[in-house]
Amino acid sequence: MVRTLYVGNLPWGTTVEELSEAFAAHGEVVSSRIIKDRETGRSRGYGFVEVKDEDMEKMVEVMNGSEFQGRVLTVNEAKARD
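Residues numbered from 1 in each chain as written. Predicted model: local features only at pLDDT ≥ 70, side-chain atom pairs only at ≥ 80, totals over all residues. Heavy atoms only, no water.

> Please set out the sheet that holds strand 3 (residues 43–52) residue by residue, giving values where relevant.
Overall, antiparallel pairing links the four strands, which are arranged 2-3-1-6 in an open sheet. The open sheet has two edge strands with one neighbour each: strand 2 (29–36) and strand 6 (74–77). Across the sheet, the mean angle separating the axes of adjacent strands is 20° when strand polarity is ignored. Across six bridges, strand 2 lies against strand 3 in antiparallel orientation. Of the residues in strand 3, the one forming a bridge with Val29 is Val51. Most of the contacts of helix 1 (residues 16–24) go to strand 2, to which it runs at about 140°, and overall it touches strand 1 (2–8), strand 2, strand 3 and strand 6. (Pairing = 2+ DSSP bridges. Helix = DSSP H or I, 4+ residues; strand = E, 2+ residues; numbered from the N terminus. Axes fitted to C-alpha atoms, helices over the stretch in contact; angles between N-to-C directions. Contact = heavy atoms within 4.5 Å.)

> Can you break down unusual backbone geometry residue by residue, with the values?
The backbone phi angle of Asn9 is positive, close to 70°, even though this residue is not glycine. One can find Asn9 in the loop between strand 1 and helix 1. Positive phi, normally seen in glycine, also occurs at Gln69, with a value near 50°. Along the chain, the position of Gln69 falls in the loop between strand 4 (67–68) and strand 5 (71–72).

> Just give me the short version of the environment of Thr4, but keep the residues and values in it.
Note on placement: Thr4 falls in strand 1. For Thr4, a relative accessible area of 22% corresponds to the partly exposed category. Residues Thr4 and Gly41, 37 residues apart in the sequence, show an inter-C-alpha distance of 23 Å. (Buried < 20%, exposed > 50% of the residue type's maximum accessible area, 1.4 Å probe, protein only.)

> Give a detailed account of the pattern of salt bridges, specifying residues and quantitative values.
One pass over the structure, following the stated rule, counts two salt bridges. Note that Arg3 and Asp53 form a salt bridge whose closest N and O atoms lie 2.4 Å from each other. A residue pair is termed long-range when its members are at least 10 positions apart, and Arg3 in strand 1 and Asp53 in the loop between strand 3 and helix 2 (56–63) qualify at 50 residues. The exposure class assigned to Arg3 is partly exposed, which follows from its relative accessible area of 25%. Between Arg3 and Glu77 there is a salt bridge; the shortest N-O distance is 2.9 Å. Of this pair, Arg3 sits in strand 1 while Glu77 sits in strand 6, and the two are 74 residues apart along the sequence. One salt-bridge network, held together by shared partners, links Arg3, Asp53 and Glu77. (Salt bridge = Lys/Arg side-chain N within 4 Å of Asp/Glu carboxyl O.)

> Describe the packing of aromatic side chains, with residues and values.
Each aromatic ring pair is described using two quantities: the centre-to-centre distance and the angle formed by the ring planes. Tallied over the entire structure, the rule returns three aromatic pairs. Between the aromatic rings of Tyr6 and Phe48, the centroid separation amounts to 6.0 Å while the plane-to-plane angle is 65°, which identifies the pairing as edge-to-face. Here Tyr6, found in strand 1, pairs with Phe48, found in strand 3; they are 42 residues apart in sequence, far enough to count as distant. A residue is classified by how much of its surface remains accessible, and Phe48, at 16% relative accessible area, is buried. Each ring, one from Tyr46 and one from Phe48, has its centre 6.0 Å from the other, and the planes form 85°; the classification is edge-to-face. An aromatic cluster of at least three residues, connected via ring pairs, comprises Tyr6, Tyr46 and Phe48. Residue placement shows Arg71 over the ring face of Trp12; its charged tip is 5.9 Å from the ring centre. (Phe/Tyr/Trp six-rings, centres within 6.5 Å; stacked < 30°, edge-to-face > 60°. Lys NZ or Arg CZ within 6 Å of the ring centre and 35° of its normal.)

Nothing here speaks to function; it is all geometry.
Below, the structure is given as structure tokens:
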């Protein structure tokens, strides 16, 4: 199964590849995406990483509060939209 992680406080210049690589060091990454502003195309400073179910808890534990490109990340399981 696949679980989705919310990743907040991303540096504006972060690429999808960099985001995937950061998490891949701690488990299997299925996909990742960075949310962008519709009008400007600029990053909104957060994204989502889909990971294998068995790797989720370890990734949250290791990556939440860790420094990435000079910023401290907020990482937790993404909540479903209502």
